[in-house]
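# Chains, contacts and geometry: an overview
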Amino acid sequence: MVARVIPVDPFDLVVLGATGDLAQRKILPALCRRLAEGQMPPEAQIIGAARSALSLAAFKEMVADNLAADRGGARISADDITAFLDRLEYVTIDARSGDGWQELGARLRPDITRAFYFSVAPALFGDLAQRVSEHGLATPQTRIVVEKPFGHDLDSARALNAMLAQHFTEAQIYRIDHYLGKETVQNLMAVRFANILFEPLWNARFVDHVQITVAETVGVGGRADYYDQSGAMRDMVQNHLMQLLCLIAMEPPHRFDPDAVRDEKLKVIRALDPVAPGDVVRGQYGAAAGLPGYIDEVGDARSHTESYVALKVGISNWRWKGTPFYLRTGKRLAARTSEIAVTFRDPPHSIFGEDAEWRENVLVIRLQPNEGMTLRVMIKEPGPGGMRLKDVALDMSFAKALGDDMQIPDAYERLIMDVIRGNQTLFMRGDEVEAAWAWTDPVIGAWTADATAPLSYPAGSDGPEAAARLLQRDERQWREVR
Ligand code: NAP
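Throughout, residues of each chain are indexed from 1 in the direction in which the sequence is written. In keeping with the model being predicted, local features are shown solely for residues with a pLDDT of at least 70 and side-chain atom pairs are shown and tallied solely at 80 or more, while totals for entire chains, interfaces and linings include all residues. Think of the side-chain values as coming from all heavy atoms in the structure, minus any hydrogens and water.

One heavy atom within 4 Å of a molecule or strand makes the whole residue count as near it. Taken together, 21 residues lie near the ligand, and Thr19, Asp21, Arg25, Ser52 and Val120 sit nearest. Distance and chemistry together define a polar contact, namely a pair of N or O atoms within 3.5 Å, with one atom able to donate a hydrogen and the other to accept it when in protein, and with adjacent residues in sequence counting only for side-chain atoms on both sides. Gly20 places a polar main-chain atom, nitrogen or oxygen, 3.0 Å from an oxygen atom of the ligand. Between Lys148 and the ligand, the recorded distance is 2.9 Å, taken from a backbone N or O atom to an oxygen atom. The accessible surface values rely on the Shrake-Rupley method and a 1.4 Å probe; as for residues, cover is taken only from the protein chains in view. Surface burial for the ligand is 76%, taken as the share of its 900 Å² of free accessible area covered by protein chains. Note on residue categories: nonpolar means Ala, Val, Leu, Ile, Met, Phe, Trp, Tyr, Cys or Pro, charged means Asp, Glu, Lys or Arg, and polar means any other residue, Gly included. Here the shell around the ligand is built from residues that sort into 10 nonpolar, 5 polar and 6 charged.

This next bit is on a nonpolar patch on the surface. Note that patches include only residues with greater than 30% relative accessible area and no salt bridge, and the join distances are 9 Å for like charges and 5 Å for nonpolar side chains (Val, Leu, Ile, Met, Phe, Trp, Tyr). For salt bridges, the criterion is a side-chain nitrogen of Lys or Arg within 4 Å of an Asp or Glu carboxyl oxygen. The grouping of Ile351, Phe352 and Met387 at the surface amounts to a nonpolar patch, some 330 Å² of accessible area in total. Here the term buried applies to any residue with accessible area under 20% of the maximum for its type, exposed to any over 50%, and partly exposed to those in between, with areas from a 1.4 Å probe on protein chains only. By relative accessible area, Met387 is classed as partly exposed at 46%.

Take the sheet that holds strand β12 (residues 362–368) next. Sheet architecture is open: 9 strands sit in the order β14-β13-β12-β11-β7-β10-β9-β8-β15, paired in mixed fashion. In this open sheet, the two edge strands, each paired with only one partner strand, are β14 (389–397) and β15 (455–458). The mean angle between the axes of side-by-side strands here comes to 20°, regardless of whether they run parallel or antiparallel. Only when DSSP finds a minimum of two bridges between them are two strands counted as paired. The helix count covers DSSP runs of H or I at least four residues long, the strand count covers runs of E at least two residues long, and both are numbered beginning at the N terminus. Pairing between strand β13 (residues 372–380) and β14: 9 bridges, direction antiparallel. When the sheet's bridge partners are listed, Met373 is paired in β14 with Met396. Its contacts with the sheet put helix α8 (residues 224–249) on β7 (207–215), β9 (308–313), β10 (325–330), β11 (337–344) and β12, and the angle it makes with β10 is roughly 145°. Between N-to-C directions, angles cover 0 to 180 degrees, with each direction set by a line fitted to C-alpha atoms, over the stretch in contact for helices. When checking whether two residues touch, look at their non-hydrogen atoms; a contact exists if any pair is within 4.5 Å.

If you walk across this open sheet you meet the 6 strands as β3-β2-β1-β4-β5-β6, and the pairing is parallel. At either end of the open sheet lies a strand with only one pairing partner, and these are β3 (88–92) and β6 (173–175). Going from strand to strand, the sheet's axes swing by 20° on average, the running direction of each strand aside. As paired strands, strand β5 (residues 142–146) and β6 are joined by 3 bridges and run parallel to one another. Residue pairing in the sheet places Ile144 in a bridge with Ile173 of β6. Sheet strands in contact with helix α12 (residues 411–421) are β1 (11–16), β4 (113–118), β5 and β6, and its direction is about 135° off that of β4.

Within the largest apolar cluster, 147 residues are counted, with the highest numbers of intra-cluster contacts made by Leu31, Phe84, Phe116, Leu311 and Phe325. In terms of residue count, the dominant contributor to this core is α8 (14 residues). Residue ranges assigned to each domain were obtained from an automatic or database domain assignment. Looking at this core, you find at least three residues from each of domain 1 (11–147) and domain 2 (180–409 + 429–472). Aside from chain neighbours lying at most four places away, what touches Phe84 is Leu28, Leu31, Cys32, Leu35, Ile46, Val63 and Leu67. Here, the term nonpolar core denotes a set of buried Ala, Val, Leu, Ile, Met, Phe, Trp, Tyr and Cys residues that are joined through side-chain atoms within 4.5 Å.

Moving on: helix α3 (residues 78–86). Those residues of α3 lying buried are Asp80, Ile81, Phe84 and Leu85. Looking straight down α3, one finds that the buried residues subtend no more than 135° of arc, so they occupy a single side. Opposite the buried face of α3, by more than 90 degrees, sit the exposed residues Asp79 and Asp86. It is the directions from the helix axis to the C-beta atoms that the arc portrays.

Here is the structure:
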């Protein structure tokens, strides 16, 4: 099965920070793949802009080298790369001065969709907004895309929102959380709201608990400086895990429309209980199995930054009161996996007697690897010898179900095309980001006030033992990270 491609209108997209890691590794390859799939109209123009004084030929060479190094994946042919390079322009600009902005303005065409992708350090977001605005480049058809992190606490997020609001309307601002662009994450909404099967059971009466896991095997690697200032709570929980929690817990929006969806997500965040000190575990990986420890990687023996967090979260609303949501994320864990597991309660009465083996029904939505869904159900164990029960998995791999040649687009492909189309459904609204920080800040504040180091866990393990106890205490256990 081949994905249906709906071409977008002609556009000018300015990638600010075009020589940087994200632009070269994600944004430009994503655009090239969209061209290869036929979604980009012939009039589309992509203007790279950065501080480096590069000629257009040198910029094209840089992009071509990165695409050829298989960063674009198998879906890009040599002809696609040639066609993509023809769409590129390059302008040397400085976010901190007026250099290059007039030249950039001269390349932009009036009356078509115009987008500025801020792929630079967050400290420059304000400068870029100011320059775009003061050079008269913000037309009514202009959108800006702002990369993460969007602030590092509530105050800084508020200040950033206020600063962007001086130059752009909320309808022009696209705050990226690339998790929302993942096909399986969008599938959460399809599974919940396009099937009658689950929704009647989707509440505290039938759901025992929910586990959300985003586990990585990698350490901080080349991002040590950034990560050490951030930690798992800011880097993963405040945005990605929070978004997954919202999509699982929100009420059905009345329409699949940007504000209807975001209103419902915001209500979930506002209904989150404050995290009790005993309901959160923070960890930091130590050297093990030949892998370096966190402090070796960041080069600071005194760092208390957490590379792992596990939390028990309550939602105070009619649907969810009494159903805990357990969240965990970490680096250097045993396996790379992202999944959401919804565990249902036991039937009210067993007709098979007290001794029957029993396992709860669990719906697992796998985001990676091998995107798909599994539903664990009880069946009769085959053969004579009475009614013995056994739990089996109804397993659906999306790739198999949709055909092995089905290409699942990268999150950036989907999100950039949504910007061009003017669809904000998968982007965070300003109030949503602020509410998420308002909930996260007290947890981080308590850690900052406490001189105790995070709990150590061996690199390559399942995380700190205290995280296991967080669930054992409630007579539950984490699913294996495999
Ligand atoms: P990066 O590799 O350091 O690239 C930064 C870019 O900004 C370069 O193109 C640089 O141009 C340009 N730049 C720096 N100072 C400038 C100035 N004064 N005026 C104009 N351009 C300037 O950073 P990155 O890793 O690509 O990250 C970009 C953004 O994406 C950040 O907000 C980051 O948090 C976010 N992000 C990155 C990743 C990732 O995987 N890299 C993941 C998630 C989010 P020159 O080199 O030519 O000076």
